[in-house]
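Take a look at the letters that make up each chain.
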Amino acid sequence: MILDQVVTGLLTGLIYGLLALGLSVIFGVMRIVNFAHGEMSVVAMYAAWAAARYLGLDPLLSLIPIAAIFFGAGYLLQRGLIQPFVSRPDYMQFILLISVALILTNGALLVFGPEARGIQVDYAFDSYEIGTFLIDKVRLLAAGAALTLTGLLLAFFRFTLTGKAIRAAADNRTGAQVIGLDIGKLYAVTFGIGTASLGAAGVLMALLNDAIPRLGPELTLLSFVIVIVGGLGSMTGALAGGVLIGVSEALAGTLLQPSLKSMFSFALLVLILLLRPQGLLGERS
Amino acid sequence: MLDVENLDLAYGDSRALNGVSLSVAAGTITSVVGGNGAGKTSLIRACAGMVPAQGGRIRFDGTDITGWAPHRICDLGLGQVAEGRQIFPSLPVLDNLELGAALPRARKAAKQSLEKVFALFPRLAERKAQRAGTLSGGEQQMLAIGRCLMGLPRLIMFDEPSLGLAPAVVKEMFAIIEGLHRDGMTVLLVEQNVVHSLKIAHHAVLLENGVAAMAGTGADLLADDRVRQAYLGL
Ligand SMILES: Nc1ncnc2c1ncn2[C@@H]1O[C@H](COP(=O)(O)OP(=O)(O)O)[C@@H](O)[C@H]1O
Ligand SMILES: [Mg+2]
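Below you will find a few notes about this structure. Along each chain, residue indices are assigned from 1 in the same order as the chain's sequence is written. Lettering for chains starts from A, numbering for ligands starts from 1, and both go in the order in which the items are written. Since the coordinates come from a predicted model, pLDDT governs what is reported: local features require at least 70, and pairs of side-chain atoms require 80 or more to be given and counted, while whole-chain, interface and lining totals use all residues. Think of the side-chain values as coming from all heavy atoms in the structure, minus any hydrogens and water.

## Some thoughts on the pattern of salt bridges
Residues and elements named next belong to chain B. Between Lys or Arg on one side and Asp or Glu on the other, a salt bridge is scored when a side-chain nitrogen of the former is within 4 Å of a carboxyl oxygen of the latter. Tallied over the entire structure, the rule returns 13 salt bridges over all chains. Between Asp-64 and Arg-57 there is a salt bridge, with its nearest N and O atoms 2.9 Å apart. Classification of residues uses two cut-offs on accessible area relative to the type maximum, computed with a 1.4 Å probe and protein chains only: under 20% is buried, over 50% is exposed, and between them is partly exposed. On the basis of relative accessibility, which here comes to 29%, the residue Asp-64 falls in the partly exposed class.

Structure below.
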């Protein structure tokens with residue numbers, strides 16, 4: 001029973017990891033905190049819901065086109081709106097992104113209304129029995145997709161020239177200019193990738209949770225907690241933090257009370273900050 | 001090949017360059033000397049497009065590059081070995097080099113370029129998997145030069161390449177620069193080591209408080225009393 005919950009939490013945590021990766025990548029490279037992070041992923045949840053409702057598309061299929069659209073939107077958002085703010089004071093970036101968050105939440109309220117929108121796939125109640133474990137099929141598929149995408153992202157940053165160029169620009173911006181890397185373009189690609197990750201995570205979460213406008217701020221906060229627990233700017237840290245928070249939420253939900261699960265995550269955050277301020281996999285600066 | 005005309009540059013209210021003109025002819029070594037804060041780095045950064053000039057023109061090989069973005073200027077073949085080396089400390093040596101060839105002009109030749117750089121700096125080949133930040137100062141400077149060569153530059157601007165290096169390594173550094181020049185590279189050299197840099201220069205400029213105070217052959221400047229007193233302590 002408790003082990004079942006650990007497995008459930010671990011699977012949910014893989015999706016959290018992908019979600020937090022989007023925040024981590026953007027911060028790690030540009031030092032911009034995307035305060036509209038959760039709100040953007042709620043838009044992806046609605047997109048997945050609309051694709052299922054009106055086009056009959058399974059979220060596991062609409063995942064790719066929605067992530068691609070989010071990449072494009074993130075790229076353009078960075079080029080048009082955020083780039084001028086990169087070198088401005090933090091509070092200006094904060095106001096800009098909070099405005100984006102408010103527009104998205106209220107836009108969702110206007111278009112979709114305040115009620116919850118859930119997706120019913122026909123395998124919603126299937127489950128696999130593996131040994132003594134009982135695992136939901138939906139959750140397993142969603143987690144598998146999240147892990148695959150996270151793996152692809154890590155490989156992109158490790159092995160491709162563009163991925164290395166982005167890491168180089170994060171490591172030494174002047175150095176990147178010196179050798180003629182196009183920093184504006186790399187930043188736009190980075191914002192696109194971060195937005196695509198949070199979009200993909202939103203689509204996968206739509207398989208497990210109903211979409212409601214007020215979920216946005218909750219997901220933003222959740223992602224902050226994960227990124228800080230895992231280590232600011234560390235990509236593998238985002239994944240580890242996601243899994244840890246996923247498991248802790250699931251355990252708190254069973255052992256204590258479902259309403260206490262966030263409190264549990266925050267307690268974990270405080271503990272990590274006390275014992276290991278740089279986060280699980282972060283590097284001391 | 002590189003022509004700077006009446007360049008003005010200021011950071012906010014403080015002026016760093018005042019009507020500086022300078023010409024680097026193809027196939028030569030041109031040295032810029034001057035004390036700390038004279039504006040040498042500002043001059044190089046303006047040519048690279050990293051800081052905007054308030055007035056004047058910069059031409060590279062006949063193309064007016066004033067106001068261009070750094071990545072476009074690099075892609076014309078104007079390379080730079082920057083002050084403070086500016087390598088990517090947390091990336092492996094190999095990735096540092098590979099990124100030097102990320103320019104459109106250099107991408108196709110990346111493999112051959114890497115072989116050449118490793119032939120020139122065998123130490124980099126030995127340490128290619130190591131994080132660049134763990135290299136010694138001399139090795140980091142070689143990495144900065146190797147990374148620049150990966151971009152197939154036709155002119156390299158060196159900004160104090162021997163700063164902070166042991167005397168033996170300084171000699172090695174000058175040998176490398178002279179070797180590159182012998183193989184046809186055009187060089188703009190900014191150095192603390194005034195004697196040595198004037199000795200190898202065909203043409204030299206003395207920069208004082210953002211003004212080109214004197215220009216001539218390297219030998220002219222070496223023989224000048226003002227230069228000897230201020231920079232050579234003679
Ligand atoms: N980023 C900057 N912001 C403000 N002032 C600067 C900056 N860089 C250089 N300066 C000033 O411009 C002048 C020239 O500096 P620099 O070009 O670095 O000289 P050098 O390389 O000859 O030592 C100095 O007075 C320096 O303090
Ligand atoms: Mg300098």
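## Some thoughts on the site of ligand 1
Residues and elements named next belong to chain B. Proximity criterion: a residue is near a molecule or strand once any of its heavy atoms comes within 4 Å of it. Close to ligand 1 lie Tyr-11, Ala-16, Gly-35, Asn-36, Gly-37, Ala-38, Gly-39, Lys-40, Thr-41 and Ser-42, which account for all nearby residues. Residues adjacent in sequence count toward polar contacts only when both atoms are side-chain atoms; beyond that, a polar contact is any pair of N or O atoms within 3.5 Å, and within protein one must be able to donate a hydrogen and the other to accept it. Residue Lys-40 places a main-chain N or O atom 2.8 Å away from an oxygen atom belonging to ligand 1. Throughout, the Shrake-Rupley method with a 1.4 Å probe supplies accessible areas, and for residues the shown protein chains are the sole cover considered. Look at ligand 1: alone it shows 560 Å² of surface, and the protein chains cover 58% of it. Note on conventions: DSSP H or I runs of at least 4 residues are helices, E runs of at least 2 residues are strands, and numbering of each starts at the N terminus. Top contributing element to the shell around ligand 1 by residue count: helix α1 (residues 40-47), with three residues. Of the residues belonging to the shell around ligand 1, the class tally is three nonpolar, six polar and one charged. Residue classes follow a fixed rule: Ala, Val, Leu, Ile, Met, Phe, Trp, Tyr, Cys and Pro count as nonpolar, while Asp, Glu, Lys and Arg count as charged, and any other residue, Gly among them, counts as polar.

## Notes on the layout of surface pockets
Think of a 1 Å grid over the protein atoms and nothing else: a 1.4 Å probe that fits but is trapped marks a cavity, an open set flanked by protein within 12 Å on at least five of seven lines marks a pocket, and residues with an atom within 4 Å of a point count as lining. Grid points are joined across faces, edges and corners, and a volume is the space filled by probe spheres set on the points. Approximately 1200 Å³ is the volume attributed to the largest pocket. For the largest pocket, the lining is made up of 33 residues, of which Gly233(A), Ser234(A), Met235(A), Glu283(A) and Ser90(B) are closest to its centre. Of all the elements in the fold, those that place two or more residues in the lining of the largest pocket are α1 (2-30), α5 (137-159), α6 (161-171) and α10 (235-256) of chain A. Here the lining of the largest pocket takes five residues from α1(A), the largest share from any one element. By residue class, the composition of the lining of the largest pocket is 14 nonpolar, eleven polar and eight charged. Of the voids in this model, the second largest pocket is the one considered here, and its volume is about 700 Å³. Secondary-structure elements contributing two or more residues to the lining of the second largest pocket are α1, α8 (183-208), α9 (215-230), α10 and α11 (261-275) of chain A.

## Here's the deal with the coordination of the magnesium ion (ligand 2)
Note: metal donors comprise N, O and S atoms at 2.8 Å or less from the metal (3.2 Å for Na, K and Ca); water molecules are not included, so apparent gaps in a site are possible. Here the magnesium ion (ligand 2) is held by the protein donor atoms Thr41(B) (OG1) and Glu83(B) (OE), which lie 2.0 to 2.3 Å from it. Here Thr41(B), found in helix α1, pairs with Glu83(B), found in the loop between β6 (78-81) and α3 (93-100); they are 42 residues apart in sequence, far enough to count as distant.

## Brief notes about the interface of chain B and chain A
Think of interface size as the accessible area that goes away when the parts come together; that is how it is often given. Contact criterion: two residues are considered in contact whenever any of their non-hydrogen atoms come within 4.5 Å of each other. Each partner contributes to the interface: chain B provides 22 residues, whereas chain A provides 17 residues. Approximately 1800 Å² of surface area, both sides summed, lies buried where chain B meets chain A, with 62% of it carried by carbon and sulfur atoms. Where chain B touches chain A, the interface holds two salt bridges. Between Asp95(B) and Lys164(A) there is a salt bridge, with its nearest N and O atoms 3.3 Å apart. Across the chain B-chain A interface, the total number found is six residue pairs in polar contact (both at pLDDT 80 or more). Those elements giving two or more residues to the side of chain B that touches chain A turn out to be α2 (70-75) and α3 of chain B. A per-element tally of the side of chain B that touches chain A places α3(B) first, with four residues. Across the side of chain B that touches chain A, the residue classes tally to eleven nonpolar, five polar and six charged. Two parts placed together each lose some accessible area under a 1.4 Å probe, and adding up what both lose gives the buried area.

Read these as layout, nothing more, since geometry by itself doesn't imply function.
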